[in-house]
Amino acid sequence: MGAKVIEGRMTAEKQDEVTVFLIGMRINSFWRLSSWWPVYRAMPKMLRELSQDPDSGLLGFRLLLGGPRGFYVVQYWSSHEKLLAYASAPDREHRPAWAAFHRRLRAGRGRVGFWHETYVVPAGAHEAVYVNMPPFGLGEAAGVVPVGRRGDRAGDRLALADPSRGHHRP
């Protein structure tokens, strides 16, 4: 019946750099199944491939609904280099799926939309808190620890907010 709730205040254990990759699709024409169904089916294959390879760099992911016409995936990566390496690897699921998507995109005349965003978040520039929650988000991807281990306040957990840590706001 779902993941076990962890009582109390927790934070993501990961303190070093993390890459957050958001990728999604929008169905612009539901009735043209051949335009969007293969795109929809390609993502689970890639996520399965990545999840089975501990060296891939994928820390974790979450599939989400993006309104009545869309789906998206939030992915957490150990580095942007590993994300880019996967995207360009000729022997992995992504390259053939990307090529097939582009063929359908040209033939589909706008029946399916696609988007992605990549955020490289340096060490000290991210923090999280989870109160009475099962593992979620970055905490689910990289593990959680009690908040007190990393500071009781969000500002304490953000190294960029504390000049005494040798960091400064850009």
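Above this note sits the structure.
Residues numbered from 1 in each chain as written. Predicted model: local features only at pLDDT ≥ 70, side-chain atom pairs only at ≥ 80, totals over all residues. Heavy atoms only, no water.

1. Focus: the environment of Trp31
Mapped onto the elements, Trp31 comes out in the loop between β2 (18–27) and α1 (33–51). The sequence separation of Trp31 and Arg111 amounts to 80 residues, and the corresponding C-alpha distance is 9.2 Å. (Helix = DSSP H or I, 4+ residues; strand = E, 2+ residues; numbered from the N terminus.)

2. Looking at the nonpolar core
By size, the foremost hydrophobic cluster in this structure holds 12 residues: Phe21, Ile23, Ala42, Met43, Met46, Leu47, Leu50, Leu58, Val73, Trp77, Leu83 and Tyr86. For this core, the secondary structure elements donating two or more residues are β2, α1, β4 (70–77) and α2 (80–88). The dominant element in this core, judged by the number of residues it contributes, is α1, at five residues. Once you skip the residues sitting within four places of it in the chain, Leu47 turns out to touch Leu58, Phe61, Leu63, Val73 and Gln75. (Core = buried A, V, L, I, M, F, W, Y, C linked by side-chain atoms within 4.5 Å. Buried < 20%, exposed > 50% of the residue type's maximum accessible area, 1.4 Å probe, protein only. Contact = heavy atoms within 4.5 Å.)

3. Brief notes about the pattern of salt bridges
Applying the stated criterion to the full structure yields six salt bridges. A salt bridge links Asp16 to Lys14, with the shortest nitrogen-to-oxygen separation between them at 2.7 Å. Among the salt bridges present, the one from Arg92 reaches Asp53, with a minimum N-O distance of 3.4 Å. On the criterion of sequence distance, the pair formed by Arg92 in the loop between α2 and α3 (94–108) and Asp53 in the loop between α1 and β3 (58–65) is long-range, its members being 39 residues apart. For Asp53, a relative accessible area of 22% puts it in the partly exposed group. Through salt bridges with shared partners, a single ionic network connects Glu49, Asp53 and Arg92. (Salt bridge = Lys/Arg side-chain N within 4 Å of Asp/Glu carboxyl O.)

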